[in-house]
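Residue strings, one per chain:
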Amino acid sequence: MAILVDESTRLLVQGITGREGSFHTQQMIEYGTRVVAGVTPGAGGREVHGVPVFDTVAEAVAATQPNVSFVAVPAPFAPDAILEAADAGIPLIVCITEGIPVLEMVRVYHAVRARGVRLLGPNCPGLISPGKAKVGIMPGFIHTPGPVGIVSRSGTLTYEVVWALTRAGIGQSTAVGIGGDPVIGTSFVDVLEMFQHDPETQAIVLIGEIGGADEEAAAEYIRRSVTKPVVGFIAGRTAPPGRRMGHAGAIISGGRGTAAEKIAAFEAAGVPVAERPAQVAELVRQVLERR
Amino acid sequence: MDLHEYQAAEIFGRYGIPVNRGIVARTPEEARQAAEQLGGRVVVKAQVHAGGRGKAGGIRLANDPAEAEAAASQILGMEIRGRTVRKVLVAPAVAFDREYYLGVVLDRDARRIVVMASSAGGVDIEEVARERPEAVVREHADPFLGFLDYQARRLAFRLGIEPDLVRGFAAIARQLYQVYVDCDASLAEINPLVLTRDRTWMALDSKMVLDDNGLFRHPDLADLRDTEEEDPLEREARLAGISFVRLDGTVGCIVNGAGLSMATMDAIKLYGGEPANFLDIGGGASAQRVAAALRIVVADPNVRSILVNIFGGITRGDVVAQGLLEALREVDVRVPIVIRLVGTRQEEGRRLLEDAGFTVVDTMEEAAERAVAAAKSQ
C-alpha cells in the first residue's frame, strides 16, 4: 500500500503538448506510471509519447477512465483546467503550476471541495509512491520503497530529505508535496490522516516552512490523532519578517508564522525537529528502531 | 507589491470611498505650492514603503504654506526603516471625533477573504488584535457570493456605530472589499477611517499591497511599481526571474528551490555564519540564470564567500556544471566559491568543476561549513 497513487493509478496529463507537460509525461512513463491520456484544447487526435490527446477532459475520461489528473498548465489557465477535471469527476487532481493568483485559488479551493474532489497543490512537485507510480516532477531515482511517509511544502528540500533517507537505507511509502502557496487544496493534516491509516507507513516526516499556521494545525492533529512516530523539519529559521521567501506562502506577517513558533508547536506535540535536513534521516532511524 | 498611500487613495476614490485627496510633492517648493492650492491647514506625509511613518517623524502638520515647505524639507530625504523618502503627500488637515480601522485580508486558515474592523483606529492593528482581540470584529466573505451587505452592517453594529451612520460605514466596507477583489490585492486597509466633526466618513490613510501573482492580469497596476523604492539588486533579480531577498550577512547563496534556499541559509547560521541573501534560481539552472544570480550576489559588497547549492533533480549534473562554468567565465568572482552539486550524473558534473579548479562537496552541511569558514578568513 501507499497513499493516493500506486499501481492502479491511471493518469491524465492536462497541458500534455506544452514543454513542461510533454517532458514530465515522458519522465513519468519512464518511471512506470500508467499515463492513459492527455488534454490540450485544440490538439485532440494527436499523440505525445504514445499517449492519445483529447480536446476536453470529459472526452478523455469517457475514452480512457483516468483516476488522477496532472495539471501542467500556465497560471492564467490553470484554475480553469483544475475545475474542468473536477467537473469531469476525476477524484485526484495534482497541480504543479506556480504563480496562480491567490484569490483565484480561494474560489477553486471551495469549488473543488464542494465536488468531493481532492486537489494537491498548486505550486507543488506532486507525489510519488516509490516503485509504484510517480505523479510529479521529482527525480524518481532518489527514492526507494520503504516505510516512511513524507509530506512537505517544498520541492527540492524534499528531494534533499528523501536523498538523505535513501542513502541511509531508509525507504519511503509515499512522498507528497502539498505546495508553497498560501491557499492549497490539501493540507498537512489531510496527508497525516492518510499516512496514519496506511498500513505500509510506519513513520512520518513533515517538512514545513515559515508562513501561515498549517504546521501548528498539524502539530495539534498529531498530538490528538497520530500514533505513528513523526519527525519534523522547518525551513526559514533565519528568514526576516515581512519578506516573501520565494514561495508566495512563505512570509512572516504580523509577527506570525515564524519558524520558532512552528518548532515549539512540534516539540510540544512530542515531534522531534531536525536542525539540518540530513539529520532527519538520523531521527527517523531512531524512531523506527524504537518501534 | 506595495503601493504608496497616494496610489491606494486614488484607487479607493475611484470606487466611491471618500478619501482625503491630496497632492504629491517631490520638493519642499512643490509642497508649498500644494499647500497654497489646498488652502488652510495641511498635513505633510512621507510616501515610502515602510511602516511607522508617524513615529519616525514622517507625518507633520502645517498651518500655512511656509510651514508645509519647512515640514517637507525635513521629511524629504529622511530614512525610515532603511528607506529614503523621495515624495510627500500634502493633504488637507481634517478635524475628526472618532477613528476606526477597516481592512481586508486573506485568512489563510479559513481559505477565505476576511473583512476586519475596529473602533481602535489610527494605531497598529496587529497590536490591537494581540492585546485586545475583542476590539477587532471580523466577517468572512463567501467565496462565491462575496461580502454581503448584512455582513457589512453587522460589523458596524458590533462596533456600536449609531444607526444613522451604519449605511455609510457599510458602503465603504463593501467597496473596500470590491477593490481588494478587483485588484488581486493581498491587503486593502483604511487606518484610520474617521468620523469627521460634521458626521461624515473619511479615509485618512489608505494602504494597499498587491498579490505579485495577480499582476499579470492588471498591467495598469503593475505600472504603479515605484522602482526608486526597490533595492537595485532586488530589481535586477526580479527582471531576471530570480527570487532574491537581500540580507545582512557575508555568505552569498545561490540555490535552486525556495525551501532548499531557506534551509541553506539556516545551515549557514547553524555553522556560525550569516547569510547575505535568499536566492532561488528556480528550475532548470540554465547558464543564463546562474550567471545572473552570480552577478547579483557578487554585486553585494558584504559578500565574502559564495555557496552554490544545487539539487539537480531531473536536470543532469553535467549540464548544471557546464552552466555554472559558463557563468563563472562571464562573471568576475573575487571571493571563494563552494559548490555543492547533487543529481543525475553528479560525478560527471563534479569532475568538470574540479578540473576547472573549483571545490565541490557532497553534502550541504559540509558546503555550509566550508563557505562560513571561507567568509571568516577573508
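As the structure is a prediction and not an experimental result, all values here were calculated from the model.

A few points about the overall build of chain B
Across its full length, chain B carries 13 helices and 18 strands. Oriented by its inertia axes, the alpha-carbon framework of chain B measures out at about 80 × 50 × 40 Å. Here chain B, with 378 residues, has 53% of them falling under the buried criterion. Excluding contacts between residues fewer than 6 apart, the proportion of contacts in chain B whose partners are at least 24 apart in sequence is 66%.

Considerations on the nonpolar core
Of all hydrophobic cores here, the largest spans 102 residues; its most connected members are F70, V94 and M245 of chain A. Those residues in contact with M245 of chain A, other than ones at most four positions away along the chain, are I210, A239, P240 and A250 of chain A together with V245, A258, M262, M265 and F278 of chain B. Of all hydrophobic cores here, the second largest spans 74 residues; its members include I90 of chain A together with F12, A188 and M208 of chain B.

Description of the packing of helix 10 (residues 287-298) of chain B against helix 11 (residues 317-330) of chain B
Residues and elements named next belong to chain B. At a minimum axis separation of 8 Å, helix 10 and helix 11 run at an interaxial angle of 45 degrees. Accordingly, the angle class assigned to the pair helix 10 and helix 11 is oblique. For the crossing formed where helix 10 meets helix 11, the hand is right-handed. Counted together, A287, V290, A291, L294 and R295 of helix 10 and G323, L324, E326, A327, L328 and E330 of helix 11 form the full contact between these two elements. Here the residues of the contact of helix 10 with helix 11 sort into 7 nonpolar, 1 polar and 3 charged.

Description of the sheet that holds strand 1 (residues 23-25) of chain B
All names here are of chain B. With respect to topology, 4 strands assemble into an open sheet ordered 1-6-2-3, the strand pairing being antiparallel. Whereas interior strands pair on both sides, the edge strands pair on one side only; in this sheet they are strand 1 and strand 3 (59-62). Adjacent strand axes in the sheet meet at a mean angle of 25 degrees, parallel and antiparallel pairs treated alike. Here 6 bridges tie strand 2 (residues 42-47) to strand 6 (residues 87-92), and the two strands are oriented antiparallel to one another. In the sheet register, K45 faces strand 6, and the bridge partner there is L89. Contacting strand 2, strand 3 and strand 6, helix 3 (residues 65-75) crosses the sheet at an angle of about 165 degrees to strand 3.

As for the sheet that holds strand 12 (residues 203-209) of chain A
Residue and element names in this part refer to chain A. Strands sit in the order 9-8-11-10-12-13-14 across an open sheet of 7 strands; the sheet is mixed. On the outer flanks of this sheet lie strand 9 (133-136) and strand 14 (273-274), each paired with one strand and no other. Pairing of strand 10 (residues 145-152) with strand 11 (residues 172-177) involves 5 bridges; the strand directions are parallel. When the sheet's bridge partners are listed, V148 is paired in strand 11 with Q172. Packing of helix 1 (residues 19-31) onto the sheet brings it into contact with strand 8 (126-129) and strand 9, and relative to strand 9 it is tilted by some 165 degrees. Here helix 8 (residues 259-268) sits on the sheet in contact with strand 12, strand 13 (230-235) and strand 14, set at roughly 175 degrees to strand 13.

Notes on the interface of chain B and chain A
Counting residues at the interface gives 51 residues for chain B and 61 residues for chain A. On the chain B side of the contact with chain A, R108, R111 and I314 of chain B bury the most area, a combined 19% of that side's loss. In this structure, D362 of chain B and R167 of chain A form a salt bridge, with 3.4 Å as the shortest nitrogen-oxygen distance. Between chain B and chain A we count 12 residue pairs in polar contact (both at pLDDT 80 or more) in total. For the side of chain B that touches chain A, the element with the highest residue contribution is helix 9 (residues 258-270) of chain B, accounting for 9 residues. For the side of chain B that touches chain A, the residue count by class is 24 nonpolar, 11 polar and 16 charged.

Side note on the domain arrangement of chain A
All names here are of chain A. As far as domains go, chain A holds domain 1 (10-120) and domain 2 (138-290). Put simply, the middle of domain 1 and the middle of domain 2, counted by C-alpha atoms, are 26 Å apart. The interface of domain 1 with domain 2 comprises 9 residues on the first partner and 12 residues on the second. Buried area between domain 1 and domain 2, both sides added, is near 920 Å², and the carbon and sulfur share of it is 60%. In terms of surface lost to domain 2, no three residues of domain 1 exceed Y109, R118 and L120, which account for 47% of the buried area on that side. One can count 1 salt bridge joining domain 1 with domain 2.

Details of the pairing of strand 7 (residues 96-107) of chain B
All names here are of chain B. Both strand 7 and strand 10 (residues 185-196) contribute to a ladder of 8 bridges, which runs antiparallel. Bridge pairing in strand 10 links E99 to V194. The sheet contact formed by strand 7 and strand 8 (residues 112-118) spans 7 bridges and is antiparallel. Within strand 8, the position partnered with G103 by the bridge is M116. A loop of 4 residues connects strand 7 with strand 8, the two strands running antiparallel in sequence, and R111 in this loop sits at a positive phi of about 55 degrees.

Details of the side chain of S129 of chain A
Residues and elements named next belong to chain A. The topology assignment puts S129 in strand 8. S129 sits in the buried class, given a relative accessible area of 0%. Once residues within four sequence positions are removed from consideration, S129 is found in contact with A2, I3, V5, S173 and T174.

Quick notes on the packing of aromatic side chains
All names here are of chain B. Overall, the coordinates contain 6 aromatic pairs over all chains when judged by the stated rule. Between Y100 and W201, the ring centres sit 5.4 Å apart and the planes meet at 65 degrees, which makes this aromatic pair edge-to-face. A residue pair is termed long-range when its members are at least 10 positions apart, and Y100 in strand 7 and W201 in strand 11 (residues 201-203) qualify at 101 residues. Residue classification places Y100 among the buried residues on the basis of a relative accessible area of 3%. Through a chain of ring-to-ring contacts, three or more aromatic side chains come together here, namely Y100, F169 and W201.

Conventions we followed
Residues numbered from 1 in each chain as written. Chains lettered and ligands numbered in written order. Predicted model: local features only at pLDDT ≥ 70, side-chain atom pairs only at ≥ 80, totals over all residues. Heavy atoms only, no water. Helix = DSSP H or I, 4+ residues; strand = E, 2+ residues; numbered from the N terminus. Buried < 20%, exposed > 50% of the residue type's maximum accessible area, 1.4 Å probe, protein only. Contact = heavy atoms within 4.5 Å. Core = buried A, V, L, I, M, F, W, Y, C linked by side-chain atoms within 4.5 Å. Axes fitted to C-alpha atoms, helices over the stretch in contact; angles between N-to-C directions. Parallel < 35°, antiparallel > 145°, perpendicular 65-115°, else oblique. Left-handed = near helix turned anticlockwise from the far one by under 90°. Nonpolar A, V, L, I, M, F, W, Y, C, P; charged D, E, K, R; others polar. Pairing = 2+ DSSP bridges. Buried area = accessible area lost by both parts, 1.4 Å probe. Salt bridge = Lys/Arg side-chain N within 4 Å of Asp/Glu carboxyl O. Polar contact = N/O pair within 3.5 Å; in protein donor to acceptor, adjacent residues only side chain to side chain. Domains from an automatic or database assignment. Phe/Tyr/Trp six-rings, centres within 6.5 Å; stacked < 30°, edge-to-face > 60°.

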